[in-house]
Amino acid sequence: MQKSLPRTALRAGIASMAVASLAACGTSSSDSGSEALESLGDTEGSVSILAWPGYVEDGTNDPAVDWVSSFEEATGCMVEAKTYGTSDEAYQLMQSGGYDVVAASGDLTLRLVAADLVSPVNTDLLESYEGIFGFLKDKEWNSVDGVAYGVPHGYGANLLMFNTEEVSPAPTSWDVVFDKASDYDGKVTAYDSPIYIADAAVYLMTHSPELGIENPYALDEDQFAAAVELLKTQKESVGEYWSDYLKEIQAFESGDSVVGTTWQVIQNSISTGTTDVVLPEEGATGWSDTWMIASETEAPNCAYAWLDHIASPEINATATAYFGEAPSSEAACDFRDDCEAYHAGDEEYASQIWYWTTPVSDCVDGREDVECVDYSEWTKAWQEIKG
Amino acid sequence: MQLGRAARWVLGGVTAVVLALIYLPLGVVFLNSISTSESLSWPPPGFTLEWWGRALQSEGALHALGTSVLVALVASAIALVLGTLAAMALSRHRFFGKESVNLLIVLPIALPGIVTGIALNNAFRTIVGVQLGVWTLIVAHATFCIVTVYNNAFARLNASGTRLEEASMDLGAGLFTTFRLVTFPRLKSALLAGGLLAFALSFDEIIVTTFTAGPGVTTLPLWILQNMFRPNQAPVVAVIAVILAVVSVVPLAIAQRLTAKDAQAVSR
Amino acid sequence: MTTHRVSAFLAPRRRLRLAGLLTAPVLWLGLVYVVALSALLVTAFWTVDELTGQVQIEWTTENVVEVVTEALYRTVTLRTLGIAALVTVIDVLIAVPVAFFMAKVAGPRLRHLLVIAVLAPLWASYLVKVYSWRALLSSDGIIEWVLSPFGLHTPGYGIIGVVLALSYLWLPYVIMPIYAGFDRVPDRLLEASADLGGRGWRTLTAVVLPMIRPAIIAGSIFAFSLSLGDYITTGIVGGTTQMLGNLVYTNVGAANNLPLAAAISLIPIGIILVYLAAVRRTGALRSL
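Sequence order sets the numbering: in each chain, residues are counted from 1 along the sequence as written. Chain labels run from A onward and ligand labels from 1 onward, assigned in the order the entries are written. With pLDDT at 70 or above as the cut-off, local features in this predicted model cover only qualifying residues; side-chain atom pairs require 80 or more to be listed or tallied, and sums for whole chains, interfaces and linings still use all residues.

The name that an unreviewed UniProt entry assigns to chain C is Putative spermidine/putrescine transport system permease protein, with the source organism given as Demequina mangrovi. UniProt positions are given in the numbering used here, feature names are shortened, and annotations may be inferred rather than shown by experiment. Chain C has a UniProt comment under Sequence similarities (unreviewed entry) that states "Belongs to the binding-protein-dependent transport system permease family. CysTW subfamily." Recorded in UniProt under Subcellular location (unreviewed entry), the annotation for chain C is "Cell membrane".

Where an unreviewed UniProt entry is consulted, chain A appears under the name Putative spermidine/putrescine transport system substrate-binding protein, with the organism given as Demequina mangrovi.

Asker: What exactly am I supposed to notice about the overall build of chain C here?
Answerer: From N to C terminus, chain C includes 13 helices and 2 strands. Burial in this document is a count-based property: other C-beta atoms within 10 Å of a residue's C-beta are tallied, and the residue is buried at 20 or more, exposed at 12 or fewer, or partly exposed in between, with C-beta positions derived from the backbone. By residue count, 51% of the 288 residues in chain C fall in the buried class. Here, residue contact means that the backbone-derived C-beta atoms of the two residues sit within 7 Å. Contacts in chain C between residues far apart in sequence, at least 24 positions, make up 70% of those at least 6 positions apart. Every helix listed is a DSSP run of H or I at least four residues long, and every strand listed is a run of E at least two residues long, numbered separately from the N terminus.

Asker: Would you mind going over the overall build of chain A with me for this structure?
Answerer: Within chain A one finds 13 helices and 14 strands. The C-alpha radius of gyration computed for chain A amounts to 21 Å, which stays within 12% of the reference 21 Å derived for 387 residues, consistent with globular compactness. Dimensions of chain A along its principal axes, counting C-alpha atoms only, are 65 × 50 × 35 Å. Excluding contacts between residues fewer than 6 apart, the proportion of contacts in chain A whose partners are at least 24 apart in sequence is 75%. Every radius of gyration here is taken over C-alpha atoms, with the globule rule written as 2.2 Å times N^0.38, N being the number of residues.

Asker: What is the right way to look at the interface of chain C and chain B in this model?
Answerer: Frequently, the measure chosen for interface size is the accessible area that the parts lose on association. The partner chain B presents 76 residues to the 83 residues of chain C that form the contact. With 17 residues, the top contributor of residues to the side of chain C that touches chain B is helix 2 (residues 14–43) of chain C. Residue composition of the side of chain C that touches chain B, grouped by class: 60 nonpolar, 15 polar and 8 charged. The classification used treats Ala, Val, Leu, Ile, Met, Phe, Trp, Tyr, Cys and Pro as nonpolar, Asp, Glu, Lys and Arg as charged, and all other residues, Gly among them, as polar.

Asker: What is the right way to look at helix 8 (residues 175–203) of chain B in this model?
Answerer: Relative to the 42 Å expected for 29 residues at 1.5 Å per residue, helix 8 of chain B spans just 35 Å between its end C-alpha atoms, considerably shorter than the ideal helical length. At any given residue, the bend is defined as the angle formed between two axes, one fitted to the seven residues that end at that position and one fitted to the seven that begin there. The largest bend along helix 8 of chain B measures about 55° and falls at Phe184 of chain B, with the proline Pro185 of chain B one to four residues further on. A helix is expected to span 1.5 Å for every residue after the first.

Asker: Looking at this structure, how should I read the UniProt feature "transmembrane region" (unreviewed entry) in chain C?
Answerer: All names here are of chain C. In the numbering used here, UniProt assigns the "transmembrane region" (unreviewed entry) feature to residues 21–46, 81–101, 113–136, 156–182 and 258–278. The span residues 21–46 carries 88% helix and 0% strand; its end-to-end C-alpha distance comes to 38 Å. Secondary structure content for residues 113–136 is 75% helix and 0% strand, and the end C-alpha separation is 27 Å.

Asker: Can you help me understand the sheet that holds strand 8 (residues 159–163) of chain A in this one?
Answerer: Strand pairing in a sheet takes place through backbone hydrogen bonds and is either antiparallel or parallel in direction. Residues and elements named next belong to chain A. By the convention used here, strands pair only if DSSP detects at least 2 bridges between them. With mixed pairing, 5 strands are arranged side by side in an open sheet as 10-9-11-8-12. In this open sheet, the two strands that pair with only one neighbour each are strand 10 (238–242) and strand 12 (275–278). Strand-to-strand, the axes of this sheet are offset by a mean angle of 25°, without reference to chain direction. Note on definitions: angles span 0 to 180 degrees between N-to-C directions of axes, and those axes are lines fitted to C-alpha atoms, for helices only across the stretch in contact. Contacts between helix 7 (residues 245–254) and the sheet are confined to strand 8, strand 9 (188–191), strand 10, strand 11 (259–262) and strand 12, with strand 10 contributing the most and set at about 150° to the helix.

Asker: Could you clarify how one ought to interpret the packing of helix 2 of chain C against helix 13 (residues 258–279) of chain C in this entry?
Answerer: Think of two packed helices as two axes; the pair is described by the angle between the axes and how far apart they sit. Residue and element names in this part refer to chain C. Where helix 2 contacts helix 13, the axes come no closer than 7 Å and their chain directions differ by 110°. Here helix 2 lies roughly perpendicular to helix 13, going by the angle between them. Here Leu40, Leu41 and Thr43 of helix 2 lie close against helix 13, whose contacting residues are Leu258, Pro259, Ala262 and Ser265. Residues that form the contact of helix 2 with helix 13 fall into these classes: 5 nonpolar, 2 polar and no charged. Geometric relationships in this document are graded by angle, where less than 35 degrees denotes roughly parallel, more than 145 denotes roughly antiparallel, 65 to 115 denotes roughly perpendicular, and other angles denote oblique.

Asker: Would you explain the domain arrangement of chain C in this entry?
Answerer: Domain boundaries in chain C define domain 1 (1–36) and domain 2 (69–286). Placing the centre of domain 1 of chain C and that of domain 2 of chain C at their C-alpha centroids yields a distance of 37 Å. Either an automatic procedure or a domain database provided the assignment from which the domain bounds are taken.

Asker: Sorry, what's going on with the pairing of strand 9 of chain A here?
Answerer: Across a regular strand the side chains alternate sides, sitting on one face of the sheet and then on the other. Residue and element names in this part refer to chain A. By the alternation rule, side chains of strand 9 split into Val188 and Ala190 and Thr189 and Tyr191, which are all buried. In the sheet, strand 9 pairs with strand 10 via 4 bridges, with the strands oriented parallel. Counterpart to Tyr191 in the pairing with strand 10 is Trp242. Bridge count between strand 9 and strand 11: 2 bridges; the pairing is parallel. In the sheet register, Thr189 faces strand 11, and the bridge partner there is Gly260.

Asker: Looking at this model, I keep getting lost on the confidence of the model for chain C. Mind explaining?
Answerer: A low pLDDT score tells you not to read the predicted coordinates there in detail. All names here are of chain C. On average, residues of chain C score 85 in pLDDT, and 90% of them are at 70 or above. A score from 0 to 100, pLDDT tells how confident the predictor is in each residue. Element-level pLDDT for chain C is lowest in helix 1 (residues 2–10), with a mean of 71, against a maximum mean of 93 in helix 4 (residues 71–105). Here the prediction assigns the complex a pTM of 0.85, and the interface score ipTM is 0.86.

Asker: Please clarify how unusual backbone geometry should be interpreted in this entry.
Answerer: One can expect most non-glycine residues to show negative phi and most peptide bonds to be in trans. Pro169 of chain A follows Ser168 of chain A through a cis peptide bond whose omega is 0°. Tracing the sequence through the fold places Pro169 of chain A in the loop between strand 8 and strand 9. Although it is not a glycine, His343 of chain A adopts a positive phi angle of roughly 55°. With respect to the secondary-structure elements, His343 of chain A resides in the loop between helix 11 (339–342) and helix 12 (347–350). Within the chain, Ser125 of chain C stands out as a residue other than glycine whose phi angle is a positive 60°. Along the chain, Ser125 of chain C turns up in the loop between helix 5 (108–119) and helix 6 (126–137). Residue Ser125 of chain C is classed as buried on the basis of its C-beta count, with 26 C-beta atoms lying within 10 Å.

Asker: I keep staring at the pairing of strand 2 (residues 78–83) of chain A and nothing clicks. Help me out?
Answerer: All names here are of chain A. Pairing between strand 1 (residues 46–51) and strand 2: 6 bridges, direction parallel. Following the sheet pairing, Ile49 is matched in strand 2 by Ala81. We call a crossover right-handed when, viewed with both strands directed away from the observer, the connection leading from the first strand over the helix to the second proceeds clockwise. The parallel pair strand 1 and strand 2, bridged by helix 2 (residues 69–75), forms a crossover whose chirality is right-handed.

Asker: What should I look at first to understand the nonpolar core in this one?
Answerer: In globular proteins that are soluble, nonpolar side chains generally tend to be buried together. Here, a nonpolar core denotes buried Ala, Val, Leu, Ile, Met, Phe, Trp, Tyr and Cys residues that are linked to one another through C-beta atoms within 7 Å. Residues Ile197 and Leu307 of chain A together with Ala99 and Ile178 of chain C are the most contacted members of the largest nonpolar core, which totals 295 residues. With 16 residues, the top contributor of residues to this core is helix 8 (residues 159–184) of chain C.

Asker: What should I look at first to understand the environment of Val151 of chain A in this one?
Answerer: Residue and element names in this part refer to chain A. Relative to the elements of secondary structure, Val151 occurs in strand 7 (residues 151–157). With 28 C-beta atoms counted inside 10 Å, the residue Val151 sits in the buried group. Once the C-alpha coordinates of Val151 and Val65 are considered, the two residues, 86 residues apart in sequence, prove to be 22 Å apart. Leave out the neighbours within four places in its chain, and Val151 touches Val121, Leu126, Tyr129, Thr290, Trp291, Leu307 and Ala311.

Asker: So what exactly am I meant to see when it comes to the packing of helix 6 (residues 134–160) of chain B against helix 2 of chain C here?
Answerer: Contact geometry of helix 6 of chain B with helix 2 of chain C gives a least axis separation of 11 Å together with a crossing angle of 125°. With respect to their mutual orientation, helix 6 of chain B and helix 2 of chain C come out oblique. Our pair here, helix 6 of chain B against helix 2 of chain C, has a crossing hand that is left-handed. Within the contact between the two elements, helix 6 of chain B uses Val139, Thr143 and Ile146 of chain B and helix 2 of chain C uses Pro25, Leu29, Val32 and Tyr33 of chain C. Of the residues that constitute the contact of helix 6 of chain B with helix 2 of chain C, the class distribution is 6 nonpolar, 1 polar and no charged. A clockwise turn of the near helix away from the far one marks a right-handed crossing, whereas an anticlockwise turn of less than a right angle marks a left-handed crossing.

Asker: Got a minute to help me understand helix 11 (residues 234–247) of chain B in this structure?
Answerer: Residues spaced three or four apart along an α-helix point in a common direction, a consequence of the helix completing one turn every 3.6 residues. All names here are of chain B. For helix 11, built from 14 residues, the straight-helix expectation of 20 Å at 1.5 Å per residue is met to within 8% by its first-to-last C-alpha distance of 20 Å. With 11 of its 14 residues buried, helix 11 lies for the most part within the structure. Of all the residues in helix 11, the buried ones are Ala234, Pro235, Val236, Val237, Ala238, Val239, Ile240, Ala241, Val242, Leu244 and Ala245.

Asker: Looking at this structure, I do not really get the environment of Leu137 of chain C. What am I missing?
Answerer: Residues and elements named next belong to chain C. Along the chain, Leu137 turns up in helix 6. Separated by 27 residues in sequence, Leu137 and Leu164 have C-alpha atoms that sit 9.6 Å apart. For Leu137, the contacting residues outside a window of four places in its chain are Ile143, Thr154, Pro155, Gly156, Tyr157, Gly161 and Val237.

Next comes the structure, spelled out in structure tokens:
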């Protein structure tokens, strides 16, 4: 519904709906009616794609940004793209039908699988699949029981940004926005979404081991209360919460904010040169998106062609660079000069990222003796934190 | 009016200062549209015409503009019909529940946009069971635009009285002929003013729009919102805003001229 | 001709004519708006299924009780009311002299120019203007640059920033009805008052102000109601500030909890209805 705020901001618009899919994960796949395609045939002439804004650009917003035209020319599949603002909206649209391909975030993928709205992808039919980083394949948000349901697109971490003049020495820990936040009173910034509570949980995993947090998206009452408490203390030093990219760039360029969470793309866009980013020692939250094919598609060949196209090194490089995230393959880095900045392919780095997942009452870390706090409670708590 | 010289100067001064303040942020927008900074940072590090070139070539913006104009036109047209009917009913008749009807017309604009937005979104999807699209958006916009037409028409109908209409009927003209030849010509400029306000209201509306536009429908404000957050697009958006403000002067000026002339004619 | 026959049939039948005029607008507003609003109010008493995120028809007062009892909602409501009231007062205080100058002091030519000058910024996109306020309020923005020689500082992002930006955004909506109100005050009346010895100020307070009161209230409805529901401006220049609109928006968007959002909506709906009821007698509703 909040289609207006694109980018990852909205990935955090996660609904409790995902519960169904997560609970069902592993059970419903076996009786899934849809099968992966065995072989490819002639393309159908058109393909309808549902994606985040900025994922399917055909030059209408900016003539220089276009990776659809080359696809249309090469395959004869005319692309009809629709964008969505939240995973919920995407879920509703997929249910209503009419889409062949969807780009889904970690909080949507399993829902689609559970509802049988997407079919397994025969990755052998995709030339580009082999080159994709191993650490992105066969993950709990894109595969079920070892069966791939889609192709990884791009990924990124929610990093710590700091003003190099105001914050020295360079921080290596999130403590500058939590326990030491008062040093930068009124100039701390934080991401404006309930999912940010997970960032506090990541911090507590290291600094309050007695809480026993195993996964920042699986918090029981006590762990959750501790994270909320930490954020309430932090709020006293927060100058503003940011939810969009432009706001954060402005705030760091003007010095209104000097330390807080960020995305790599924001660091790349800041022209003053007074900021730097770090992946703190505690690790960080992040995202990883997946291209999937609708089970009811009438254009499977065009759909496979798109998956292959968008995962091909040059196109994947262009699309992920435009969006501001790491590409999905090493080869894509030949077409980008900023792969290093995004730590693309750095497995060690990627392993420190807790990819966004919907918090649900069945703890996602596998604990069965307690109930975890679900996302609707996260939302309420977030509003209380902001006061 | 008899006002001291000093009072006139003070009032003029206040007006000048207020206008200057109104245009200060717009000046900032203009500077952004020619600044080399992509994030609207202050002061502009340098100047460029690149954004103007890019904006003029932006198909997305053009398409969104088309959608906005279409939605605003249809919504205003619906509002014109419904607002005029309501104004004639309330200005020419006395009946039980008149106050309630008046309240009903005012409510969609008086209640916060987010309330109207989620109420209509919910109704469209669950009660009516339709997919959100351009029509749901038009219906929503028409609903909150009725009031501007209604108020303008109502004021004019009240000011012009019923004598001429009665004379026309006495002379044997039918209801529709009377409306066409007597009521409508005197109402015309008020409808224009009301319609223009309705158009403007619809054109820049973002909150109700967010909740009632289908996923494929991008009005200009939605396009702006989406592009504010695309890399390198913020200055392009500033260009569009400047162009809109400048271009809007033309219809405003025409409407002003017409209304002023008519209003004088009617009150005399 | 059939229209002629219809006309002849309708002419003596007032009730029928009234019905003909009222049916379409009342049906539209009734079917589209009243039904939608009622459905929303009813939803406030339903729940959401945690598993599917779907609204469930299961009657409960839980949401409403939560909104009434929890301190969060009280705090945010008071803050929102304060901001909306402040914005309204600031706008009216600015709009009255400007509208008066436009309607009664400026010559016809200047008047036309001023009306256009006031209305043109309305077209320059709400969002772009808010972002430009963000630039103005920044700690290295123009406001800081102008004020710092005097030892003053920009208010920065927060409640004051929100009040300033909202006052700016809604000002034209307040000026226009008040201008129209002044325009309706006949010059003769002002002259008569002056002839009878009324000084400028007295004329203003005793004669003019009562006449334009409905217009001022109409303008205030705009400023008040638009501020009451805003969430975008707060997000951009509000720092950590939360308003009622933000709470509603988060519950609809991120949390997918329509019943709770509906329950929170009851607060602004209630406030506006009380406000409208209070000003109804003044005829302000016809001056919007």
